[in-house]
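Working through the structure, step by step
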Amino acid sequence: MSIQDFPDQMRDRFPVSLSRKHRRSLIAWLGLVPALAILIAYRLIPLLWNFLLSFQNMRYTGETSWVGLENYFQLMEDPVFLDALFNTFLFLGSVPIAVTIALGLALLLNERFPGSNVFRSMFFLPYITMMVAIAVTWAYMFKSQGGVINYALQQMGLINQNISWLSDSWWARLSVIIVHVWKTTGFYLIIILAGLQNIPQEIYEVARIDGASTRQRFMYVTLPLLKPTLGVCALVGLVTSFELFDLVQVLTSGGPARSTEILITWIYKQAFEFGNFGYSAVLAIILFVIMAGGSLLGMYIQSNDYV
Amino acid sequence: MSKINEKINRKDVGNVLDKIAVHRGENRVDTVRRLGYFVVALVLALLFFFPFYWLIKVAATWPSGSLYAGTPSLGLESLELYNFIRVYYEIPFPRYLFNSIVITMLAVVGSLVTNSLAAYSLTKDFVGKKVVMAFMVAALMIPYYVTVIPAFLLTNELGLLNTHLGVALPFMTFIIGTFILKNSFDAIPDSMLEAARLDGASEIYVLFGVMWRLAKPALATNVILAFIQTWNAYLWPLVVVSDRKMQPLPLALASFTTRFDGNFALQYAFAIMVLVPVVIMFLLLQKQFIRSVVQGSVKE
Amino acid sequence: MDDELKNQLTTRRSQLKALGGGIAAGLAGCLGDGDGSGDGDGDGDGDGDGSTDTDSDGGGGEVEEPIEALTWNLGFLEESINGWISDFEDKTGYEGAWVDQPAEDFPTYFQTQVQSGDPPETIDSQGAIYVQYARDDVLHPLDDMVSDQLMSRFNDSLIERDKVDGSIWRLPFYFVSTGTVYRKQWFEEAGIADDMPTSTPEYFSAAETIVNETDAEWGLTTVRYDYALWPFFWDQGVNILNEDNTEAVFNTDTTVEILTRLRELTDDGIIPELTWTQRKQPQAQEFGTGNTGMYHMWLSSVRLVQESGDWVNGDSMGFMPAPGKKPAYNGHGWSITENQTQATKEATLELIKVILNTKWQEDFLRNTTVLVGNTNAMENLANSDKFRNENPLLAGVYDTWFESAEGAVAQPRISQTAEIWDTINSQFSAAAVGETDPEQAVTNAEQRVNNILE
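Residues numbered from 1 in each chain as written. Chains lettered and ligands numbered in written order. Predicted model: local features only at pLDDT ≥ 70, side-chain atom pairs only at ≥ 80, totals over all residues. Heavy atoms only, no water.

**Thoughts on the overall build of chain B**
- Counting its secondary structure elements, chain B contains 14 helices and zero strands.
- If you list the helices and strands of chain B from N to C, you get α-α-α-α-α-α-α-α-α-α-α-α-α-α.
- Buried positions account for 53% of the 300 residues belonging to chain B.
- Residue pairs in contact within chain B that sit at least 24 positions apart in sequence constitute 72% of those at least 6 positions apart. (Helix = DSSP H or I, 4+ residues; strand = E, 2+ residues; numbered from the N terminus. Buried < 20%, exposed > 50% of the residue type's maximum accessible area, 1.4 Å probe, protein only. Contact = heavy atoms within 4.5 Å.)

In structure tokens, the structure reads:
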């Protein structure tokens, strides 16, 4: 018996034969084990825990008592919930804004002039900085009286009176969006640049020969080929919205009048400042459903475009 | 030499541009255009960078005085590195740096392995693949804060409180990295893999030997993303670490701010010192990172 | 604080004033050199016995070491706290440990520790959060454990304030009230230095005068967290909740009036907008540039203010009580957590006793800008001329407290305290910056507070 007979012997001893597909599936599942283990332990189980918690009241000691749908009914009595919901959606708007800016920058930087690499890094810098440090810096810059931004705007003659960046509800919302766009543009820029550089030059040549103008080349060649890239940006954008927590807390604490309160800050306050754990679990479930629903929907749309 | 005394006229500028153009192998119009792009990009980049300029300026100024002057001074005055030195000595900075490095290294290495395994699996067609993909996308959307308490309880059960591993464990896999690696692996032609298998390579070797070598940019992306995420993490280490000696940098920064209540320059200096390693890491991996995103993002 | 002592102190203050206070800019909170201003002896506290003093019958179980203390925002006090631990270890032979958390993270951290089943044995908490913990049986009531001798260290009113449902849940550690600091220069230039404001309307008109008559940019700024905005309303007789803490009673015409006034002052540029949008440091910074008349703050922020402005010293900056001498009060105290053996709890009490003895409380006074619960320590330092000369700003803090101690109002000792103030604060701030109508804001706040109380 040599080693070459080994597989046959194995087959004789273990007569179960797996089809190629099943064997592949098994190996695939094995490979997924570590990743799935961590995801299940640290994401799925906490989510389920939260789901259960939404039907209970919890004391600080961890003791829980069932209250059924009571926490869900509290949703209707909570005026802040609607504000938080609205703002959460509103701030998602920073994603298309940032992606558009990134697209413009990418087109610019794609022209490959000396130093474009350095610029690319400079745009990416905000993304790798801690949100807290960023929020503190911007809070100072947004100061109504004596802040750099108002100072510069006045010097340039763009405004006459100081803008109350942080004490007017709409300006406050805008400031959150501005900072978030600033922080994430660099990341989208890099993704889009990569997508752009992946488009073969020949396609452009063909289009030019066919007589397409610059604008037409952009609309009918570049954009469609960028669709998957933009899809990735959207997905990433959804995830980055969670980091708004630090930004809102430092910049405005959700004010004025809850105009910048978002679901995630309200969840935190309910749980850790007021001790309403059951209710905050309800909010968490709602936030998850919205986000997961949105992203799965996006995925579905994307996969339909590219079989 | 005598030309210096003459005024520069348009023709001279034109000549210079032509020379540059010829040198670059293009015509003058293109050079001017490139120059234009450069200028525009420069302006935008400087505007973009301004908040960092502010951060550095405050951190590097001594004495700090009042930051709340009626009109802010935009210029650089009395630059000093004193604040950074003071931060370094006032608190056990090396210890916190060490903690951050260990935790991040664990997360980076762990995520490389875990994500690669998962990505490799996802390149195959298997039963339940769609479910797993959907699960992963949905798992991305779980708000982080709500996972803190149960995750803490689990870490406690595992006996990993106050350990580097306990902090790093949740970061040892992340879905975006898995997807990027998957796309990169997908791009590798099957023929190469078959060739390797026919040569007698085990699956493990196929993955870590062959695919890794070909997907270097994607790995670099994974490294940089894992690094950023773990290095800047705040809330999770907060609940897991109660021993001050085990704190990573962001936690130390937070408690640091309470020590020097109101001394912003020191706080800013610390923030910069937390930021610098990430920047260095990014610059080192930049080339690889960019290339990987090329491959990774197109095939969705 | 009994009257005689108060008189003594008032006389001292006028003496100091007479001296012209020509003292160099003292670094508030700097170490005094300690001679004559403290016993330096850990047991000079009427506590007598050096070991566990409760009448346990030996069935208390094992002591779970180490005895861990969790502090609130005291990272800068590392040296002293290590001193507490080592004194404790010397005294009892048990091991001690220390964790500190910044204020915002304290609840989250403590929460997870409780759920893990092994919380810190004792915690230093601020405000009324301990009420939530007490209600949920996370803390151990202390009535049975404390002896009269121990309690004699503290002022009765401090103990009473912290009681919940008649039980003692924590021992007074340190506390602070709100008060107003002001730049004397502006008052002198405006010609109102002889007529310092004492009530809310007077505060407002003084602020206006300052802005109109001098170069000052702002007249008044304040912090709002932990009920700090309410002295302006208490002075005019408006309370937040009724006696039983079951109903909101602040929806009155006076409230709307005051709020409207605040809004007008903000519109007119007397009060800066950051007062309503930021928490603490921006206000201190603004006042520190010297362009503001008055800053109503938690007196513990005096060092923050000092660091924000070069002009700040005992001569140029004055102290006065909050409007109507009814400041907001915020205290810290040490509680013992449940879920431990009786022996551990007693050992923990020993640690607390060390922390709260005269020696360490005096040390605490020297390193911070607050007042402490240990009456001995307070008397030793606050009455010491030397200490007051060296630390004029601290002297200002103490004097302001003594003046307004009677009127100080603590946060309602109920679990929903934080939520209630968050609601009121958010509504009122919005009205003050002109986002909502004051009357509407007050009505909304009342409605929501009543909802919370149900």
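**A few points about the overall build of chain A**
- A count of helices and strands for chain A gives 14 helices and two strands.
- Computed over its C-alpha atoms, the radius of gyration of chain A comes to 26 Å, more than 25% above the 19 Å expected for a compact globule of 307 residues.
- Summarising its shape, the C-alpha atoms of chain A cover approximately 90 × 70 × 30 Å along the three principal directions.
- Expressed as a percentage of the 307 residues in chain A, the buried residues total 52%.
- Considering only intrachain contacts with a sequence separation of at least 6, the fraction spanning at least 24 residues in chain A is 63%.
- Counting every atom, chain A has about 14,100 Å² of accessible surface; 64% of that belongs to carbon and sulfur.
- Of the side chains in chain A, 19 bear a positive and 18 a negative charge, and the two mean positions are spaced by 7 Å. (Rg over C-alpha atoms; globule rule 2.2 N^0.38 Å. Areas by Shrake-Rupley, 256 points an atom, 1.4 Å probe, with all protein chains shown as cover. Lys, Arg positive; Asp, Glu negative; His and termini not counted. Charge placed at Lys NZ, Arg CZ, Asp CG, Glu CD.)

**Digging into the pattern of salt bridges**
- Applying the stated criterion across every chain, the model contains 24 salt bridges over all chains.
- A salt bridge links Arg258 of chain A to Asp422 of chain C; its shortest N-O distance comes to 2.7 Å. Of this pair, Arg258 of chain A sits in the loop between helix H12 (244-251) and helix H13 (263-273) while Asp422 of chain C sits in helix H19 (residues 417-432), on two different chains.
- Taking relative accessible area as the criterion, Asp422 of chain C reaches 17% and is therefore assigned buried.
- Across the pair Lys245 of chain B and Asp243 of chain B runs a salt bridge, and its minimum N-O distance is 3.8 Å.
- Beyond isolated ion pairs, a larger network of salt bridges with shared partners links Arg59 and Glu63 of chain A together with Asp136 and Asp137 of chain C. (Salt bridge = Lys/Arg side-chain N within 4 Å of Asp/Glu carboxyl O.)

**With respect to the packing of aromatic side chains**
Residues and elements named next belong to chain A.
- Inspection of the entire model under this criterion finds 53 aromatic pairs over all chains.
- For the pair Phe142 and Trp165, a centre-to-centre distance of 5.0 Å together with 45 degrees between the ring planes defines the contact as tilted. You can see Phe142 sitting in the loop between helix H7 (131-141) and helix H8 (148-155) and its partner Trp165 sitting in the loop between H8 and helix H9 (169-197), a full 23 residues away along the chain. For the pair Phe142 and Trp165, a shared accessibility class is recorded, and that class is buried.
- Between Phe245 and Tyr268 the ring centres are 4.9 Å apart and the planes differ by 65 degrees, which places this aromatic pair in the edge-to-face class. (Phe/Tyr/Trp six-rings, centres within 6.5 Å; stacked < 30°, edge-to-face > 60°.)

**Some details on the side chain of Ser169 of chain A**
- Checked against the element boundaries, Ser169 of chain A lands in helix H9.
- At a separation of 2.4 Å, a polar atom in the side chain of Ser169 of chain A contacts the side chain of Glu435 of chain C. (Polar contact = N/O pair within 3.5 Å; in protein donor to acceptor, adjacent residues only side chain to side chain.)

**Structural notes on the domain arrangement of chain A**
Residues and elements named next belong to chain A.
- The domain boundaries assigned to chain A delineate domain 1 (6-53) and domain 2 (75-303).
- In this structure, domain 1 and domain 2 have C-alpha centres spaced 38 Å apart.
- With four residues of domain 1 in contact, the opposing surface of domain 2 contributes six residues.
- Across the interface of domain 1 and domain 2, roughly 420 Å² is buried in total on both sides, 84% from carbon and sulfur atoms.
- The three residues of domain 1 that bury the most area against domain 2 are Leu47, Asn50 and Leu53, which together make up 86% of that side's buried surface.
- Our enumeration of links across domain 1 and domain 2 arrives at zero salt bridges.
- At the junction of domain 1 and domain 2, the tally comes to zero residue pairs in polar contact (both at pLDDT 80 or more). (Domains from an automatic or database assignment. Buried area = accessible area lost by both parts, 1.4 Å probe.)

**Let's talk about the interface of chain C and chain A**
- On the side of chain A, 32 residues touch chain C, which itself brings 29 residues to the contact.
- Three residues, Asp136, Glu273 and Glu435 of chain C, lead the burial of chain C against chain A; their summed loss comes to 19% of the area buried on that side.
- At the junction of chain C with chain A, the criterion picks out three salt bridges.
- Counting across the chain C and chain A interface gives ten residue pairs in polar contact (both at pLDDT 80 or more).
- Mapped by element, the contributors of at least two residues to the side of chain C that touches chain A are helix H3 (106-115), helix H4 (129-135), helix H11 (274-277), helix H12 (281-288), H19 and helix H20 (438-453) of chain C.
- Looking at the side of chain C that touches chain A, the element that brings in the most residues is H19 of chain C, giving six residues.
- A per-class count over the side of chain C that touches chain A returns nine nonpolar, ten polar and ten charged. (Nonpolar A, V, L, I, M, F, W, Y, C, P; charged D, E, K, R; others polar.)

**What about the interface of chain B and chain A?**
- Across the boundary between the two partners, chain B contributes 83 residues, which contact 86 residues of chain A.
- Both sides together, the interface formed by chain B and chain A hides about 8,100 Å², and carbon and sulfur atoms give 80% of it.
- Scanning the region where chain B abuts chain A turns up zero salt bridges.
- Counting the contacts that link chain B with chain A gives four residue pairs in polar contact (both at pLDDT 80 or more).
- Those elements that provide at least two residues to the side of chain B that touches chain A are helix H2 (28-59), helix H4 (93-123), helix H5 (129-140), helix H6 (148-157), helix H8 (175-186), helix H11 (216-231), helix H13 (249-259) and helix H14 (264-298) of chain B.
- In terms of residue class, the side of chain B that touches chain A is made up of 65 nonpolar, eleven polar and seven charged.

**Details of helix H16 (residues 375-382) of chain C**
Residue and element names in this part refer to chain C.
- Taken as a whole, H16 has its buried residues at Ala377, Met378, Leu381 and Ala382. Along H16, the residues classed as buried sweep out an arc of 105 degrees about the axis, all on the same side.
- Where H16 begins, one side-chain oxygen reaches toward the backbone nitrogen of Asn376, 3.0 Å away; that side chain belongs to Asn374. (Arc of directions from axis to C-beta.)

**Quick look at the environment of Ser164 of chain A**
- Counting through the fold element by element, Ser164 of chain A comes out in the loop between H8 and H9.
- Along the sequence, Ser164 of chain A and Ala212 of chain A sit 48 residues apart, while their C-alpha atoms lie 47 Å from each other.
- In contact with Ser164 of chain A, other than residues within four places in its own chain, are Ser144 and Trp171 of chain A together with Glu273 of chain C.
- A polar contact of 3.2 Å, which involves the side chain of Ser164 of chain A, links it to the side chain of Glu273 of chain C.

**Things to note about the pairing of strand S8 (residues 328-336) of chain C**
Residues and elements named next belong to chain C.
- Among the nine residues in S8, nine count as buried, and that is most of the element.
- Across five bridges, strand S3 (residues 122-126) lies against S8 in antiparallel orientation. Across the sheet, the residue bridging to Ser125 is Gly333, located in S8.
- Judged from the six bridges that link them, strand S4 (residues 171-183) and S8 form a sheet pairing that is antiparallel. Paired with Leu171 across the bridge in S8 is Trp334.
- Here two bridges tie S8 to strand S10 (residues 409-410), and the two strands are oriented parallel to one another. Across the sheet, the residue bridging to Ala328 is Val409, located in S10. (Pairing = 2+ DSSP bridges.)

**Here's the deal with the side chain of Thr185 of chain A**
- Mapped onto the fold, Thr185 of chain A is located in helix H9.
- Relative accessible area serves as the criterion here: at 0%, Thr185 of chain A is assigned to the buried category.
- Those residues in contact with Thr185 of chain A, other than ones at most four positions away along the chain, are Ala98, Ile101, Ala102 and Leu105 of chain A together with Phe48 of chain B.

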